[in-house]
There are 2 protein chains.
Amino acid sequence: MVNRQVVLAAHPQGVPVASDFRLVEAAVPVAGPGQMVVRNLYLSLEAAIRGWLDGTANYFEPIVLGGAIRGPSIGRVESSRLAGFEPGDLIFGLHHWEDYSLSDANTVLLRKLTPNPLLPLSWYAGALGGSGQTAYVGLHRIGAIKPGDTVLVSAAAGATGSIACQIAAIEGCRVVGIVGADEKAEVVRETLGADTVINYRKEPDLAGALVRACPEGVNVYFDNVGGTTLDAALMAMAQGGRIVGCGMISDYNNAASPTPLYNLWQVVERQLSLQGFLLYSYLDEVPAASAALEAWLSAGRLTVLENVTEGLSAAGSAYSAMMAGTTIGKNIVCVDQT
Amino acid sequence: MVNRQVVLAAHPQGVPVASDFRLVEAAVPVAGPGQMVVRNLYLSLEAAIRGWLDGTANYFEPIVLGGAIRGPSIGRVESSRLAGFEPGDLIFGLHHWEDYSLSDANTVLLRKLTPNPLLPLSWYAGALGGSGQTAYVGLHRIGAIKPGDTVLVSAAAGATGSIACQIAAIEGCRVVGIVGADEKAEVVRETLGADTVINYRKEPDLAGALVRACPEGVNVYFDNVGGTTLDAALMAMAQGGRIVGCGMISDYNNAASPTPLYNLWQVVERQLSLQGFLLYSYLDEVPAASAALEAWLSAGRLTVLENVTEGLSAAGSAYSAMMAGTTIGKNIVCVDQT
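Residues numbered from 1 in each chain as written. Chains lettered and ligands numbered in written order. Predicted model: local features only at pLDDT ≥ 70, side-chain atom pairs only at ≥ 80, totals over all residues.

Turning our attention to the overall build of chain A. Of regular secondary structure, chain A possesses eight helices and 15 strands. Its C-alpha atoms give chain A a radius of gyration of 20 Å, within 12% of the compact-globule value 20 Å for 338 residues. A total of 338 residues make up chain A; the buried ones form 51% of that total. Within chain A, residue pairs in contact and separated by at least 24 positions form 65% of the contacts whose partners lie at least 6 positions apart. (Helix = DSSP H or I, 4+ residues; strand = E, 2+ residues; numbered from the N terminus. Rg over C-alpha atoms; globule rule 2.2 N^0.38 Å. Buried ≥ 20, exposed ≤ 12 C-beta atoms within 10 Å, placed from the backbone. Contact = placed C-beta atoms within 7 Å.)

Now the structure itself:
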């Protein structure tokens with residue numbers, strides 16, 4: 001029995017490509033005291049991983065060449081010497097892209113899952129995981145959305161954006177989405193309930209397009225991308241508008257040369273707030289978010305957009321496609337059970 | 001009897017110069033129904049005026065060539081047909097740079113002054129006016145300062161910054177000031193209670209200097225300037241730090257070509273909040289601010305830095321010097337009583 005691992009073959013130059021990753025075989029780990037061995041079932045592909053691939057410090061230590069890619073996963077406990085966890089338990093945590101991971105009490109994001117059997121397990125990596133919770137907490141706690149608000153969402157067809165659009169619509173807001181492809185625009189308009197969708201690649205004057213789409217100004221901008229999109233959105237905000245800074249993915253592929261912004265003076269001019277936001281600082285809000293999301297999902301009021309890639313060996317190419325912006329919805333790798 | 005007025009002779013190119021202004025003579029106005037005639041005593045020179053000189057719309061309509069410069073002043077009522085105002089009353093309001101102004105119920109910022117006779121009247125245009133109130137409300141309400149915080153203040157020798165430094169020190173914060181001249185640095189250190197002062201003109205790596213000056217990170221940045229200083233400060237913020245966006249004066253002289261910022265991704269990385277702030281949206285907080293400021297001033301705990309220019313004819317050159325950044329403290333023009 002071997003433990004297949006996806007390791008870093010090369011530091012990506014800009015957008016990752018499949019050859020930046022390599023599949024290797026290692027020994028299956030054995031649980032020491034306080035540890036457990038987890039069989040990974042679903043890998044959650046996340047933009048934050050990109051920052052670990054450059055070999056420079058980020059939130060976490062960088063991933064060295066030849067090192068296993070770190071990322072959140074849903075797994076099943078195989079063997080456990082960790083109190084409170086039994087074989088067969090389903091868990092979520094920050095592991096590696098591999099068949100079997102060692103996990104312990106210090107595993108980041110570790111929690112036991114008690115999934116609703118009527119809902120797909122993979123949803124707990126997306127709509128019922130960090131993506132959905134980030135959308136819910138960001139819109140409510142940071143954005144303070146209220147009925148009638150105009151809510152602008154960037155990366156509107158993405159894992160978090162697709163949930164944010166739907167939550168805002170459910171809460172009675174007017175939703176305007178920003179995407180990078182006509183195919184995504186159609187999904188955001190037809191499936192996610194957005195009133196208006198803008199394909200930024202087709203708008204030489206994005207700020208002007210946003211002003212036309214939001215004639216009374218944007219009350220809440222749920223920003224997943226930063227960069228030139230944020231710069232344009234600053235020109236479309238209403239007085240006193242709130243920007244939820246949820247991600248700045250536009251610079252994740254090029255951390256060494258961030259995009260210049262020119263319109264920050266609007267923050268004073270329009271009395272805006274821009275609040276950076278990472279879910280782990282608001283963990284006390286997660287139970288309420290999870291309950292609301294599960295209720296909406298169970299009632300069919302929220303649609304989950306998932307892009308599932310089959311097989312651990314395809315994880316690198318799946319991640320590369322995601323970071324190139326060509327996918328729709330939450331990106332998941334279903335680990336093939338060899 | 002004539003009414004001398006300072007009018008706009010030319011739209012400034014970058015930093016205003018004295019020849020952008022011209023003194024003319026007009027008729028003394030006569031109060032119609034609901035109006036009063038005010039004898040201007042002190043003009044409050046403010047950065048916001050710069051935006052009106054370009055001939056393009058800003059918060060207010062632009063000032064046309066030949067038009068009187070608009071600005072806040074302290075004046076004495078000469079004659080009144082406005083209910084509630086009597087000759088001899090002292091008032092504050094947005095008037096023009098002239099001997100006599102017409103004022104009415106729609107005058108922006110209009111309020112009757114009941115000055116403390118033990119304090120100089122001119123202070124009501126600065127430390128006891130918008131500058132001091134902005135510092136107080138910005139630090140407390142927006143910045144939520146608490147004892148032990150590291151508070152960074154830009155334009156620390158300016159009208160608002162000089163009060164902000166002192167309030168933060170009184171409240172038990174560690175104060176770090178940013179200025180543009182060694183002469184200012186000395187004042188901020190010796191008189192205003194700052195622990196450390198940085199002359200940004202002498203720091204090729206301002207971000208590095210700020211990180212060294214604030215090894216535990218900046219909890220609250222009271223930002224009067226925006227631009228490259230804000231960009232550098234973003235790299236020195238503590239996790240969860242708060243930026244009070246009080247002004248972006250660095251771009252006021254060049255509104256058409258704002259300074260690019262590169263470090264906005266830190267807003268997410270460090271979970272910062274950046275809140276733009278204009279005093280007029282927090283008028284309900286002004287009475288408490290005024291009371292605290294007057295108590296500190298009366299007790300000698302706050303020092304007022306004032307740069308008083310004598311004579312209406314010198315208003316244009318005084319304003320030009322202020323916008324060139326060569327002055328210290330609140331800039332006031334004492335209107336000579338001809």
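Another point: helix α5 (residues 227–234) of chain A. Residues and elements named next belong to chain A. In terms of burial, α5 is a largely internal element, seven of the eight residues being buried. Taken together, the buried positions of α5 are occupied by Gly-227, Thr-229, Leu-230, Asp-231, Ala-232, Ala-233 and Leu-234. Looking at the packing, one finds that the buried side of α5 touches β8 (150–153), β9 (174–179), α4 (206–213), β11 (218–223), β12 (237–245) and α6 (266–269).

Time to look at the relation of the copies chain B and chain A. In screw terms, the move from chain B to chain A is a rotation of 180° and a rise of 0.0 Å along the axis, fitting with an RMSD of 0.0 Å. Taken together, the rotation and translation describe the operation of a two-fold axis. Comparing contact sets, 100% of the residues at the interface of chain B also lie at the interface in chain A, consistent with an isologous, same-surface contact. (Least-squares fit on C-alpha atoms with pLDDT ≥ 70 in both.)

A few words now on the interface of chain B and chain A. Taken together, the contact pairs 24 residues of chain B with 24 residues of chain A. Those elements that place two or more of their residues in the side of chain B that touches chain A are α6 (266–269) and β13 (273–276) of chain B. The dominant element in the side of chain B that touches chain A, judged by the number of residues it contributes, is β13(B), at four residues. Residues of the side of chain B that touches chain A, tallied by class, amount to 13 nonpolar, nine polar and two charged. Examined bridge by bridge, strand β13 (residues 273–276) of chain A and β13(B) share three bridges and lie antiparallel to one another. Bridged to A:Gln275 within β13(B) is B:Ser273. (Nonpolar A, V, L, I, M, F, W, Y, C, P; charged D, E, K, R; others polar. Pairing = 2+ DSSP bridges.)

All names here are of chain B. Following both chains from N to C, one finds helix α1 (residues 130–142) and helix α2 (residues 159–170) inclined at 45°, their axes separated by 8 Å at the closest point. Looking at the two axes, α1 sits oblique to α2. The way α1 lies across α2 gives a crossing that is right-handed. Of α2, the residues touching α1 (which contributes Ser-131, Gly-132, Thr-134, Ala-135, Tyr-136 and Leu-139) are Ala-159, Thr-160, Ile-163, Ala-164, Ile-167 and Ala-168. Broken down by class, the residue content of the contact of α1 with α2 amounts to eight nonpolar, four polar and no charged. (Axes fitted to C-alpha atoms, helices over the stretch in contact; angles between N-to-C directions. Parallel < 35°, antiparallel > 145°, perpendicular 65-115°, else oblique. Left-handed = near helix turned anticlockwise from the far one by under 90°.)

Below, the discussion takes up the sheet that holds β11(A). Here twelve strands make up an open sheet; going across it, the order is β10(A)-β9(A)-β8(A)-β11(A)-β12(A)-β13(A)-β13(B)-β12(B)-β11(B)-β8(B)-β9(B)-β10(B) and the pairing mixed. Either end of the sheet is taken by a strand with one partner, and the two such strands are β10 (196–199) of chain A together with β10 (196–199) of chain B. In this sheet, neighbouring strand axes are inclined to one another by 15° on average, regardless of whether the strands run parallel or antiparallel. On the sheet, α5(A) packs against β8, β9, β11 and β12 of chain A and is oriented at approximately 175° with respect to β11(A).

All names here are of chain A. Bridge count for strand β4 (residues 70–80) against strand β5 (residues 90–96) is seven bridges, and the pairing is antiparallel. Directly across from Gly-75, in β5, lies its bridge partner Ile-91. The sheet contact formed by β5 and strand β7 (residues 111–113) spans three bridges and is antiparallel. Looking at the pairing, Phe-92 lines up with Arg-111 of β7.

Let's shift gears to the environment of B:Val220. All names here are of chain B. Positionally, Val-220 belongs in strand β11 (residues 218–223). As a C-alpha pair, Val-220 and Ser-154 span 66 residues in sequence and 11 Å in three-dimensional space. Residues in contact with Val-220, not counting those within four places in the same chain, are Gly-143, Ile-145, Asp-149, Val-151, Gly-241, Arg-242 and Val-244.

Now for the domain arrangement of chain A. All names here are of chain A. For chain A, the assigned domains are domain 1 (2–126 + 304–334) and domain 2 (130–280). The centre of domain 1, based on its C-alpha atoms, is set 28 Å off from the matching centre of domain 2. Across the contact, 14 residues belong to domain 1 and 14 residues belong to domain 2. (Domains from an automatic or database assignment.)

All names here are of chain A. Here Glu-78 lies in strand β4. Assessed through the 16 C-beta atoms surrounding it within 10 Å, Glu-78 is described here as partly exposed. Apart from the residues within four sequence positions on either side, Glu-78 is in contact with Val-37, Val-38, Arg-39, Pro-87 and Tyr-100.

Residues and elements named next belong to chain A. For helix α8 (residues 315–323), a buried count of seven out of nine residues is recorded, marking the element as mostly surrounded by other parts of the structure. Of the residues making up α8, those classed as buried are Ala-315, Gly-316, Ala-318, Tyr-319, Ala-321, Met-322 and Met-323. After α8 finishes, the residue Gly-325 shows a positive phi value of roughly 80°.

Moving on, we get to the environment of A:Asp195. All names here are of chain A. In this structure, Asp-195 sits in the loop between α3 (182–190) and β10. Taking the C-beta count within 10 Å as the criterion, Asp-195 has 15 such neighbours and is therefore assigned partly exposed. A C-alpha to C-alpha distance of 8.1 Å links Asp-195 and Gly-177, two positions 18 residues apart in sequence. Excluding residues within four positions of it along the chain, Asp-195 makes contact with Arg-174, Val-175 and Val-176.

It is worth spelling out unusual backbone geometry at this point. Residue and element names in this part refer to chain A. Here Leu-109, not a glycine, exhibits a phi torsion of approximately 70°, which is positive. Take Leu-109: it is sitting in the loop between β6 (100–104) and β7. For Leu-109, a count of 17 C-beta atoms within 10 Å corresponds to the partly exposed category.

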